[in-house]
Amino acid sequence: MNRTTLSLIAGVTALAAVTGFAALSAPDAPGTDTAAKAAAQLPVERTSLLCPAPSTSDLAETVYTSFTPVTKGTGSSGKAELREAGAESADAPADGEDKGQGEDGGKSGEDQPAKPVLTPKEPGKPVTGDSSGGEAPALVGTADGRFAPGWTVQETTEVAAGTGRGLQGVNCTAPDTDFWFPGASTDAARTDYVHLTNPDDSAAVVDIELYGKDGALKSEVGEGITVPPHSSEPVLLSTLTGERQTNLTVHVNVRSGRVGAAVQALDDRLGGDWLAASTDPSGSLVLPGIPKDATSVRLVALTPGDADADLKVRLTSPSGPITPAGHETVHVKGGMTTAVDLGDVTRGEAGSLVLTPTDRSVPVVAALRVVRGKGDKQETAFIPATRPVGTRATSADNSGKGSTLSLTAPGAAATVKVTASAGSEGGTPVSKTYTIKAGTTQDIEPPAPGGLEGTYALTVETVSGGPVYGARTLTASEGGVPAFTVQTLPDDRGTVAVPEADEDLSVLQK
């Protein structure tokens, strides 16, 4: 009879390493009348990120930026890498001794594992890679050990002309089983794709549901979509329904397996960008970081259930909360997508939108479509509702100019620390502390590393006070078009709560 001893800490930590993020609590010990000891925050040990194929345009220029912030307690081992979806990892076990062997005993070129697209060297310093044209594939990434906590990858694409021209950006996402995308469209001027990426060894089965202004759209072809192992599938929304609708909410529900999901929204006249998933349905939502020079802002919302939602609409400005004239509240019918054009709601000042229930709380998902510029010089980006910055949030791919950090404290005032990492080609980190007044939004020109060379990352940490929500805007000039893209800054979930234990658990095995 073999005796294997596993401590509670080891067992729970192993689970945390698999899930990437989990809050766990231990039961009370027998014979005691006290609750379990307070949980300790430990770094996650492994995480995954999935990057969609960036563009089909021959004019596309894409940059990938990978960054892991330095996290205490991670040790000195670990690695992170991004590979093409479907590419074999160098660590993958061979099927047999002779697999890939040529006559001279060496590996044949076609059977050798593909080289990773990006391999960071150390936490605290970004690493970049690039790709040109419309053949760039989706990427699958994994990080473990000291590279896992807070690992962030930004995919930024410049498209010089054509449908979707402008600047497109997206944070590569962790695999999950449920995603909501308010703000998609099957309008004649739009070409919207849902990109589904499967990181696992077995196929994933996905349902795509569409909700328009009158409710769910009938679509049999959206049910039971198979995404093969280690692959990515772009699904054109207009092939799922014959109805042309300007404002849609897309629900990606994974029946089996898990995927990464993002919507690429391309407009013939207004450029295009990536629409990231809204945070989980909630009675109150925050959509941070509306650019101060936005010329048009549209709110798109859906309550997934049958109950209607009535929401107060508030804009947090640099001087405090404002009620948009004529849009004090919005009524969202159950299961129907509601769109409200807010115009140039920021009126030249930084702003974030805050939605709260007027009476009873009904879960809602929401996103903003934001336009900058006028006439034929317009460009579009999207801001989904997001989680708070929490303990720490990270933004990669910042340069010495063209980056704006927007922070809002919709409740109590808060203090945050913003750290600019070392540059990808050189430079020393710099930190600054900011106080965000209650009910305000503050646009910050981010600190830059000393002696910056290349690009750098920003981390935002909550020091004290109430919840803070954030977004980062990148801008560029494309032939007179004010190109831009916005990424929200939710907590990076780099740590997991693990309860302490006084004694080991013993497991007997025969």
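Residues numbered from 1 in each chain as written. Predicted model: local features only at pLDDT ≥ 70, side-chain atom pairs only at ≥ 80, totals over all residues. Heavy atoms only, no water.

## Looking at the overall build of the protein
The helix and strand inventory of the protein stands at 1 helix and 39 strands. With 510 residues in all, the protein has 49% of them scored as buried. Surface summary for the protein: the accessible area is close to 22,500 Å², and the carbon and sulfur share equals 48%. (Helix = DSSP H or I, 4+ residues; strand = E, 2+ residues; numbered from the N terminus. Buried < 20%, exposed > 50% of the residue type's maximum accessible area, 1.4 Å probe, protein only. Areas by Shrake-Rupley, 256 points an atom, 1.4 Å probe, with all protein chains shown as cover.)

## Structural notes on the pairing of strand β28 (residues 392-398)
For β28, the tally of buried residues reaches 7 of 7 residues, placing the bulk of the element in the interior. The pairing of β28 with strand β35 (residues 456-465) spans 5 bridges and is antiparallel. Across the sheet, residue N398 finds its bridge partner in β35, namely Y456. (Pairing = 2+ DSSP bridges.)

## Some remarks on the state of the cysteines
One pass over the structure, following the stated rule, counts 1 disulfide. Between the sulfur atoms of C51 and its disulfide partner C172 the distance amounts to 2.0 Å. Measuring handedness by torsion sign, the sulfur bridge of C51 and C172 sits at about 110° and is right-handed. Residue C51 is located in strand β3 (residues 46-51), and its partner C172 is located in the loop between β9 (166-171) and β10 (178-184); the two are separated by 121 residues in the primary sequence. Pair check on accessibility: C51 and C172 agree, each one buried. (Disulfide = S-S within 2.5 Å.)

## Some details on the environment of T163
Looking at where T163 falls in the secondary structure, it is placed in the loop between β8 (152-159) and β9. Sequence separation between T163 and G271 is 108 residues, and the spatial gap between their C-alpha atoms is 6.3 Å. Aside from chain neighbours lying at most four places away, what touches T163 is T191, L266, D267 and D268. For T163, the side chain forms a polar contact with the side chain of D268, separated by 3.0 Å. (Contact = heavy atoms within 4.5 Å. Polar contact = N/O pair within 3.5 Å; in protein donor to acceptor, adjacent residues only side chain to side chain.)

## Focus on the nonpolar core
One finds L287, I290, V297, L299, L353, L355 and L368 to be the most contacted residues of the largest nonpolar core, which totals 29 residues. Contacts of L287, omitting those with residues within four sequence positions, involve S352, L353, L355, A366, A367, L368, I383, P384 and A385. Core analysis: the next-biggest nonpolar cluster, separate from the first, contains 26 residues, V250, V254, V263 and A367 among them. (Core = buried A, V, L, I, M, F, W, Y, C linked by side-chain atoms within 4.5 Å.)

## So, the confidence of the model for the protein
Per-residue confidence for the protein averages 87 on the pLDDT scale, and 85% of its residues sit at or above 70. Note on residues 1-36: pLDDT under 50 across the span, and 51 contacts to partners over four residues away in sequence or across chains. (pLDDT = per-residue confidence, 0-100.)

## A word on the sheet that holds β8
Read from one edge of the open sheet, 4 strands run β6-β4-β8-β9, paired in antiparallel fashion. Both outer strands of the open sheet, β6 (127-132) and β9, are each paired with one neighbouring strand and no more. Ignoring strand direction, the axes of neighbouring strands in this sheet form an average angle of 15°. Summarising the sheet, β8 and β9 pair through 6 bridges and their orientation is antiparallel. Bridge pairing in β9 places V159 opposite G166. (Axes fitted to C-alpha atoms, helices over the stretch in contact; angles between N-to-C directions.)

## So, the sheet that holds strand β15 (residues 231-236)
The strand order across the open sheet built from 4 strands is β15-β11-β17-β18, with neighbouring strands paired in antiparallel fashion. Unpaired on one side and paired on the other, β15 and β18 (271-275) mark the two borders of the sheet. Averaged over all pairs of adjacent strands, the angle between their axes in this sheet comes to 20°, without regard to strand direction. The sheet contact formed by strand β11 (residues 190-198) and β15 spans 6 bridges and is antiparallel. The residue bridging N198 from the neighbouring strand is S231, located in β15.

## Things to note about the environment of V194
Position of V194 among the secondary structure elements: in strand β11. Since its relative accessible area comes to 0%, V194 is described here as buried. For the pair formed by V194 and F181, sequence separation is 13 residues and the distance between their alpha carbons is 9.5 Å. Not counting residues up to four positions away in its chain, the partners in contact with V194 are I208, E233, P234, V235, L237, V250, V252, A262 and V263.

## Thoughts on unusual backbone geometry
Note on backbone geometry: most residues besides glycine have negative phi, and most peptide bonds are trans. For H230, which is not glycine, the phi torsion reads 50° and is therefore positive. Relative accessible area serves as the criterion here: at 30%, H230 is assigned to the partly exposed category. A positive phi angle, near 50°, is found at R493, a position not held by glycine. Looking at where R493 falls in the secondary structure, it is placed in the loop between β37 (481-488) and β38 (495-498). R493 gets classed as partly exposed once you look at its relative accessible area, which sits at 31%.

## Here's the deal with the side chain of H195
For H195, the position within the fold is in strand β11. Once residues lying within four places of it in the same chain are set aside, the contact partners of H195 are P52, A53, E233, P234, G260, A261, A262, Q264 and W274.

## With respect to the side chain of N398
Looking at where N398 falls in the secondary structure, it is placed in strand β28. Separated by 3.2 Å, the side chains of N398 and S403 make a polar contact. Side chain to side chain, N398 and R472 meet in a polar contact 3.0 Å long. If sequence neighbours within four positions are ignored, N398 has contacts with S403, T455, Y456, A457, L458, R472 and L474.

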